[in-house]
Structures are given as C-alpha cells and as structure tokens.
Amino acid sequence: WHKAEGTNGVVILGTTGEASTLTSAEKEEVMAATREEVGGEMAILVGTGTISTEATIAATKQAKLFGADAALVVTPYYVKPSQAGLVAHFTRIADAVELPIVLYNVPGRTGVDMSVE
C-alpha cells in the first residue's frame, strides 16, 4: 500500500510501539523484512536510541547493516542528562556511525526535554 501511494519512507522500531520489548533477533527480523519489502524504494528510518550511548551506537551500526537509511535516536530515558550531556551523547553517536541520525525528543516518555539551544 505504501509503495502504491507514494510514501517516501517508513519508521520502524520506534519508541512508542513494542520495540523495547523485542529481542535482538526479533529486531533483526523486523529490519530484514522491512528491507525486503521496501529497501531501495523508500527510505527506512530505524529507531536505535536507548538509555546507553554505547548500546545506541551498536544498534545504529546494526541498523546500517540491515539497510537503514537513517537512525531515529531518542534522548536517553530515565537518566535525565543535562543539555551538555545530551550534546555529548548525540555527538558521540554521530561521530561513531556512518548513518544520518534524527534526534527524537519525546519528554513525556523519556523524562528529559532537549533544548533548541
């Protein structure tokens, strides 16, 4: 349906759904199925953000291997980093991966609000 209707891209494994409860193998299955269905025809944005900078880097590298065009990276939840901490977190991720990242600010779910400054 999305291909026929001209959808530009899809977001998978975001934070609002059940992605946080999936195993690594299940996430790989979702990424593989998405690549098989729409890879090369529309952009695939994969939610890779976690509470941990290192785990987010690993998940983002894995998403690239599965054909992601970009990564959706949420602010770290529960730990409530400072604005400087957020900058350090996102900068470290951006420097460590070869994939564009989209910063995802959802303070109602993470407990931290990313400033525009």
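Provided above is the structure to which this section pertains.
Residues numbered from 1 in each chain as written. Predicted model: local features only at pLDDT ≥ 70, side-chain atom pairs only at ≥ 80, totals over all residues. Heavy atoms only, no water.

### Quick look at the side chain of Thr50
Point 1. Residue placement: Thr50 occurs in the loop between strand S2 (43–47) and helix H3 (53–65).
Point 2. In this structure Thr50 comes out as buried when scored by relative accessible area, which is 18%.
Point 3. A polar atom in the side chain of Thr50 sits 2.9 Å from the backbone oxygen of Ser52.
Point 4. Leaving out residues up to four positions away in the same chain, Thr50 has contacts with Ala55, Thr56, Val74, Pro76, Tyr77 and His89. (Helix = DSSP H or I, 4+ residues; strand = E, 2+ residues; numbered from the N terminus. Buried < 20%, exposed > 50% of the residue type's maximum accessible area, 1.4 Å probe, protein only. Polar contact = N/O pair within 3.5 Å; in protein donor to acceptor, adjacent residues only side chain to side chain. Contact = heavy atoms within 4.5 Å.)

### Brief notes about a nonpolar patch on the surface
Point 1. Together, Ile51, Tyr78 and Val79 give the surface a local cluster of nonpolar side chains, amounting to about 340 Å² of exposed area.
Point 2. Looking at the element boundaries, Tyr78 is found in the loop between strand S3 (70–74) and helix H4 (83–96). (Patch = residues over 30% accessible without salt bridge, like charges linked within 9 Å, V, L, I, M, F, W, Y side chains within 5 Å. Areas by Shrake-Rupley, 256 points an atom, 1.4 Å probe, with all protein chains shown as cover. Salt bridge = Lys/Arg side-chain N within 4 Å of Asp/Glu carboxyl O.)

### Considerations on the sheet that holds strand S4 (residues 101–104)
Point 1. Pairing within the open sheet is parallel, and its 4 strands lie in the order S1-S2-S3-S4. At either margin of the open sheet sits one strand with a lone partner, and together these are strand S1 (9–12) and S4. Within the sheet, the average angular offset between the axes of one strand and its neighbour, ignoring direction, is 25 degrees.
Point 2. Relative to S3, S2 is paired through 3 bridges, and the arrangement is parallel. The residue bridging Gly47 from the neighbouring strand is Leu72, located in S3.
Point 3. Contacts from H4 reach S3 and S4 within the one sheet, and its direction differs from that of S3 by about 160 degrees. (Pairing = 2+ DSSP bridges. Axes fitted to C-alpha atoms, helices over the stretch in contact; angles between N-to-C directions.)

### Details of the packing of aromatic side chains
Point 1. Summed over all chains, the structure comprises 1 aromatic pair.
Point 2. Their ring planes at 90 degrees and their centres at 5.6 Å tell us that Tyr77 and Tyr78 sit as a pair that is edge-to-face.
Point 3. What makes Tyr77 partly exposed here is its relative accessible area of 24%.
Point 4. Under the relative-accessibility criterion, Tyr78 is labelled exposed at 67%. (Phe/Tyr/Trp six-rings, centres within 6.5 Å; stacked < 30°, edge-to-face > 60°.)

### Considerations on the nonpolar core
Point 1. Counting residues in each nonpolar core, the largest one holds 22 residues, and the members touching the most others are Val10, Ile12, Leu13, Met31, Ile44 and Val46.
Point 2. Elements that contribute at least two residues to this core include exactly S1, helix H2 (24–38), S2, H3, S3 and H4.
Point 3. With 3 residues, H4 is the largest single contributor of residues to this core.
Point 4. Those residues within four positions of Leu13 in sequence are excluded, and the remaining contacts are Ala19, Leu22, Lys27, Val30, Met31, Val46 and Gly47. (Core = buried A, V, L, I, M, F, W, Y, C linked by side-chain atoms within 4.5 Å.)

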